[in-house]
Amino acid sequence: MRRAAAVLLGLMLWASSARAESLIISLSTHRFQIASNFVGAEIVLFGSVERDAQTIGRPGGYDLAVVVRGPKATIVTRKKVRVLGLWVNRDSREFLEVPSTYALLSNRPAANLTSIDLRKRHQIGLEGLILLQRSEPGEDPAPADPFREALVRLNSQKGLYRENPTGVTFLTPTLFRANIPLSPNTPVGTFDVEIFLFSEGGILAREQTNFEITKVGFEAFVANSARDYGLLYGLSACLLALLTGWAASVVFRRD
């Protein structure tokens, strides 16, 4: 009986210590509207580390990682080869339901936050990001294969995949902020934001939020029409093409 009581007391103490720190976060906006002249912007995340009355400051301080994942999409990566002097697509690899955008903002490099195993478990950083592949028999879907490297490299060049080891700033030992970048080619949809609080390589607290990016103006009208009224949109596009061709023939007609 005493042993059971001791075990129960230990579990209670462990649970209370596991909840010693918590995160309070807020975004500057949860709905961001873009138009055809959008050239990029930032969404600001503010937050603080809250400690209970019995928790003292951590000797090693805190580390923070903000992971932003965009809408999921299926992406095909192709490998070009030279055939008779021409570059043609030969091999390809399909990546299933991967984030269309991914960003890691932290106060130090990802490798210094925690172990690689923990980063892979929570998909923290590009090295820990899981990109599921549809492979053919005989193909090796290893995480370090050239198709995966090409996908990460191309998206990084477009500004869709990024890591910023100075993206989180601690204003005080417990108050922080991070600027979430939105590149000009950011897709529309819901973006998930996950915040991890670390100390000496262990996760102390975790919080989630999200924001949505939508289109406005004429571009949004065209996109919504194509999605909701496909037949009318197709007929209108054909009619517009015919009128444009007729107008061009009239303007450039030689008498």
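Residues numbered from 1 in each chain as written. Predicted model: local features only at pLDDT ≥ 70, side-chain atom pairs only at ≥ 80, totals over all residues. Heavy atoms only, no water.

Bringing the nonpolar core into the picture now. In terms of nonpolar packing, the biggest core is built from 27 residues, with Val66 and Phe211 touching the most fellow members. For this core, the elements supplying multiple residues, two or more each, are strand 1 (21-27), strand 2 (31-34), strand 3 (41-51), strand 4 (63-69), strand 7 (102-106), strand 11 (175-182), strand 12 (189-199) and strand 13 (202-215). Phenylalanine 211 has contacts with Leu27, Thr29, His30, Ile43, Val68, Ile180, Leu182, Gly189, Thr190, Phe191 and Val193, leaving out every residue within four places of it along the chain. (Core = buried A, V, L, I, M, F, W, Y, C linked by side-chain atoms within 4.5 Å. Buried < 20%, exposed > 50% of the residue type's maximum accessible area, 1.4 Å probe, protein only. Helix = DSSP H or I, 4+ residues; strand = E, 2+ residues; numbered from the N terminus. Contact = heavy atoms within 4.5 Å.)

Moving on: the pattern of salt bridges. For the coordinates displayed, the defined rule picks out 5 salt bridges. Where aspartate 63 meets arginine 108, a salt bridge forms, and the shortest distance between an N and an O atom there is 3.1 Å. On the criterion of sequence distance, the pair formed by aspartate 63 in strand 4 and arginine 108 in the loop between strand 7 and helix 2 (116-122) is long-range, its members being 45 residues apart. Judged by relative accessible area, aspartate 63 falls into the buried class, the value being 8%. (Salt bridge = Lys/Arg side-chain N within 4 Å of Asp/Glu carboxyl O.)

Ordered by their spatial adjacency, 4 strands build an open sheet running 1-3-11-10, and the pairing between neighbours is antiparallel. What marks the edges here is a single partner per strand, and that holds for strand 1 and strand 10 (168-170). Taking the axes of each pair of neighbouring strands and ignoring which way they run, one obtains an average angle of 25° across the sheet. (Pairing = 2+ DSSP bridges. Axes fitted to C-alpha atoms, helices over the stretch in contact; angles between N-to-C directions.)

Another aspect to go through is a nonpolar patch on the surface. A cluster of nonpolar residues, Leu231, Leu232 and Leu235, forms a patch on the protein surface that exposes about 350 Å² of accessible area. Considering the arrangement of structural elements, one finds leucine 232 in helix 5 (residues 230-251). Residue class for leucine 232 comes out exposed when judged on its relative accessible area of 55%. (Patch = residues over 30% accessible without salt bridge, like charges linked within 9 Å, V, L, I, M, F, W, Y side chains within 5 Å. Areas by Shrake-Rupley, 256 points an atom, 1.4 Å probe, with all protein chains shown as cover.)

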